[in-house]
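Given next are the chains, with one letter for each unit.
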Amino acid sequence: MKQLLTIVTLSLGLFGTTSLWAHHSLAAEYDQKKHVSLTGTVTKLDWRNPHAWVYLDVKSAGGAVEKWQCELGSPNAMSRAGFGPDSIKEGDEIVLDGLLAKDESKTCSTRVVKSKDGRTLLSQQEAR
Amino acid sequence: MSYRLLLIAALSLACAGLAAAQPPSAPAAPSGARGGYKPPEGPAPKTPWGKPDLNGVWQRPYVPDIERGLGPLPFTEWGKAQWASYKPEEGDYTGSCLPFGHVRSMNSPDPIQILETPTHLAFLYEQNSWFKVFPIDGRPTSKKVPTWFGESVGHWDGDTLVVETANFNGLTRLDTVGHPHSDQLRVTERFTRTDAGHLAYQVTLDDPKTYTKPLTSNRTFTLRTDWEILEYSCEENNKGLIEGRIKTPKYENSGK
C-alpha cells in the first residue's frame, strides 16, 4: 500500500502558515480542507516562475498509473534555500503532501518534496 | 527623464554608494548559501553625500495576514462589507499577475532592493519584477492619475526617511489573505538604518473609508549581502491561470 494515493481531509500540521508561501491566495485555486499525500516517480521538473511544478507518476494499489502535477514554491525562493533545477530528476522516487485543486483534477500545491527515506529534496525554507 | 533612464542613473549612483558604504568586514557569501548567514555588524553607514545609507537587498518578514500582528481590525461598515464579500476564488488579482500594489508588495515574502540617490529612492521589488521610483528631496507631487502602487514622496526626518504614498487606484489588497483598502488609503513609512545589518521599518495605513483608525506595524529588515534580486516573471508559467483554475477578477466592487 506504500504507493497508494491517499487523500486526507482536515488534516493539520504541515500546512501551517509560512510554509505555504505563494504569490497569490492559495484559496483561489486549492481546497484548504483537502490534503493529498503522494508517493511517486518524477517524470519532469519545470523550474520556471512564478512557481516550479513537478510532474509525477503515482501507482495505485492495483498497479494503475495516475499522472499528477504539483505546484511548488518559486524557483527564486528555492534557489536561495540552496536547491535548484537538478535537485530532483526524472526517475527519482519522491514523497509529498499537498492541497488538492478545487477543480479536482490531479493537481496539488506543495512546498516540500522529500525522498522516500525522508530527506528534503526541494523546499523554499533555508536549512537552519 | 524617463523612468528607465532614471533607474539606470539611480542604479549607478547607488552601486557606487553601496560599495563605498559597505564595511569591508562584510564579504558577500555565495548566492544560495544554506543557513548560517550573519548580517554585517557595525554602525549604520552613510552615503557619500552624508545621508543614512538605505541601499541593499533586504530580507523582510512575510506578512500574509496583517491581522496576526495587529489584532482584530477596526473595520468601518464599508470595510467590513468589503472583507465579508471577498472571495479569492472569484478572482484574486495577483493570481492573474496584476500588480500587487505597494503595501502587498512590502508584505510579500520576496526581497526588495533599495536604491538611494541624493534626490530619489527606488524600490526594486523581486515580486513580479516591479519597481517604484520617487523623489525624496521634498519636491511636491506631480502625477494625478491613480495607480496600483500609488504616488510616493519622501523626506528626511533626522536619520529617518519618511515616505508618504497616496493616490492609489483602490484595486489592490493589503496582504495575501486579501484585507481590503480603498482609494482613500494613505501610507506612511519610516525607514531607519539602525546598524550595518538592519533597517527598522514602520508602516502606518490610514484609510478612513475602510478602517476606523490608522494601523501601524513595526518590523525589522535584514541586509542580505549574499542575495541578489532575481527575475520573477509571473506570466511565464502561471499554470493556474493558463489551465483555468484561477479566474481574472471583476472590479465592480473596487475601492472607488
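Quick caveat: nothing in here was measured; it's all calculated off a predicted structure.

Each value, and the rule that gives it
Residues numbered from 1 in each chain as written. Chains lettered and ligands numbered in written order. Predicted model: local features only at pLDDT ≥ 70, side-chain atom pairs only at ≥ 80, totals over all residues. Helix = DSSP H or I, 4+ residues; strand = E, 2+ residues; numbered from the N terminus. Buried ≥ 20, exposed ≤ 12 C-beta atoms within 10 Å, placed from the backbone. Contact = placed C-beta atoms within 7 Å. pLDDT = per-residue confidence, 0-100. Pairing = 2+ DSSP bridges. Axes fitted to C-alpha atoms, helices over the stretch in contact; angles between N-to-C directions. Core = buried A, V, L, I, M, F, W, Y, C linked by C-beta atoms within 7 Å.

### A look at the overall build of chain B
So, point 1. Helices and strands together make up the secondary structure of chain B, namely 5 helices and 9 strands.
So, point 2. Counted from the first residue to the last, chain B has its helices and strands arranged as α-β-α-α-α-β-β-β-β-β-β-β-β-α.
So, point 3. Buried residues in chain B amount to 39% of all 256 residues.
So, point 4. Sequence separation of 24 or more characterises 66% of the internal contacts of chain B that already satisfy a separation of 6 or more.

### Let's talk about the overall build of chain A
So, point 1. Counting its secondary structure elements, chain A contains 1 helix and 8 strands.
So, point 2. Of all 128 residues assigned to chain A, the portion counted as buried reaches 40%.
So, point 3. The contacts of chain A with a sequence gap of at least 6 include a subset with a gap of at least 24, amounting to 61%.

### As for unusual backbone geometry
Residue and element names in this part refer to chain A.
So, point 1. Cis geometry is adopted by the peptide bond preceding proline 50, which originates at asparagine 49 and carries an omega value of 5 degrees.
So, point 2. Counting through the fold element by element, proline 50 comes out in the loop between strand E2 (30-46) and strand E3 (53-59).
So, point 3. With a phi angle near 60 degrees, glutamate 104 is a residue other than glycine that sits in the positive phi range.
So, point 4. Of note, glutamate 104 is situated in the loop between strand E5 (93-101) and strand E6 (107-109).

### So, the confidence of the model for chain A
So, point 1. When the pLDDT values of chain A are averaged, the result is 83; 79% of them are 70 or greater.
So, point 2. Per-residue pLDDT stays below 50 along residues 1-19 of chain A; that stretch engages in 30 contacts with residues further than four places along the chain or on separate chains.

### Thoughts on the sheet that holds strand E8 (residues 198-206) of chain B
Residue and element names in this part refer to chain B.
So, point 1. Spatial ordering of the open sheet is given by E4-E3-E2-E1-E9-E8-E7-E6-E5, a layout of 9 strands whose pairing is antiparallel. Each of the sheet's edge strands pairs with one partner strand only, and the pair in question is strand E4 (130-135) and strand E5 (151-157). Within this sheet the neighbouring strands show an average axis-to-axis angle of 25 degrees, counted without direction.
So, point 2. Relative to strand E2 (residues 112-116), strand E1 (residues 56-59) runs antiparallel, the two sharing 3 bridges.

### Considering the environment of aspartate 110 of chain B
So, point 1. With respect to the helices and strands, the residue aspartate 110 of chain B is situated in the loop between helix H4 (102-106) and E2.
So, point 2. A count of 23 C-beta atoms within 10 Å places aspartate 110 of chain B in the buried class.
So, point 3. With 48 residues separating them in the primary sequence, aspartate 110 of chain B and tyrosine 62 of chain B have C-alpha atoms 7.9 Å apart.
So, point 4. Those residues in contact with aspartate 110 of chain B, other than ones at most four positions away along the chain, are Asn76 of chain A together with Glu126, Gln127 and Tyr232 of chain B.

### Points about the pairing of E2 of chain B
Residue and element names in this part refer to chain B.
So, point 1. Most of E2 sits out of view: 5 of its 5 residues are buried.
So, point 2. Alternating residues of E2 divide into Ile112, Ile114 and Glu116 and Gln113 and Leu115, and every residue in both groups is buried.
So, point 3. One ladder, built from 5 bridges, connects E2 with strand E3 (residues 120-125); its direction is antiparallel. Directly across from leucine 115, in E3, lies its bridge partner alanine 122.
So, point 4. The antiparallel pairing of E2 with E3 creates a hairpin that spans 3 residues between the two strands.

### Considerations on the nonpolar core
So, point 1. Counting residues in each nonpolar core, the largest one holds 27 residues, and the members touching the most others are Val54 and Cys108 of chain A.
So, point 2. Sorting the residues of this core by element identifies E2, E3, strand E4 (65-71), helix H1 (75-80) and E5 of chain A as the ones contributing at least two each.
So, point 3. Here this core gets 5 residues from one element, more than from any other, and that element is E5 of chain A.
So, point 4. Excluding anything up to four places from it in sequence, valine 54 of chain A contacts Val42, Leu45, Cys70, Leu72, Ile88 and Val113 of chain A.
So, point 5. Core analysis: the next-biggest nonpolar cluster, separate from the first, contains 20 residues, Tyr125, Phe134, Leu199 and Trp227 of chain B among them.

### Considering the pairing of strand E6 (residues 160-166) of chain B
All names here are of chain B.
So, point 1. Here E6 shows one buried face, formed by Leu161, Val163 and Thr165, and one open face, formed by Thr160, Val162, Glu164 and Ala166.
So, point 2. Sheet topology note: the E6/strand E7 (residues 186-195) ladder contains 6 bridges and is antiparallel. Within E7, the position partnered with leucine 161 by the bridge is phenylalanine 191.

### Describing the confidence of the model for chain B
Residue and element names in this part refer to chain B.
So, point 1. Looking at chain B as a whole, its pLDDT mean stands at 86, while 84% of the residues score no less than 70.
So, point 2. Considering only residues more than four positions removed or in separate chains, one finds that residues 1-33, a stretch of pLDDT under 50, has 52 contacts.
So, point 3. Interface confidence for the predicted complex, given as ipTM, is 0.78, next to a pTM of 0.83.

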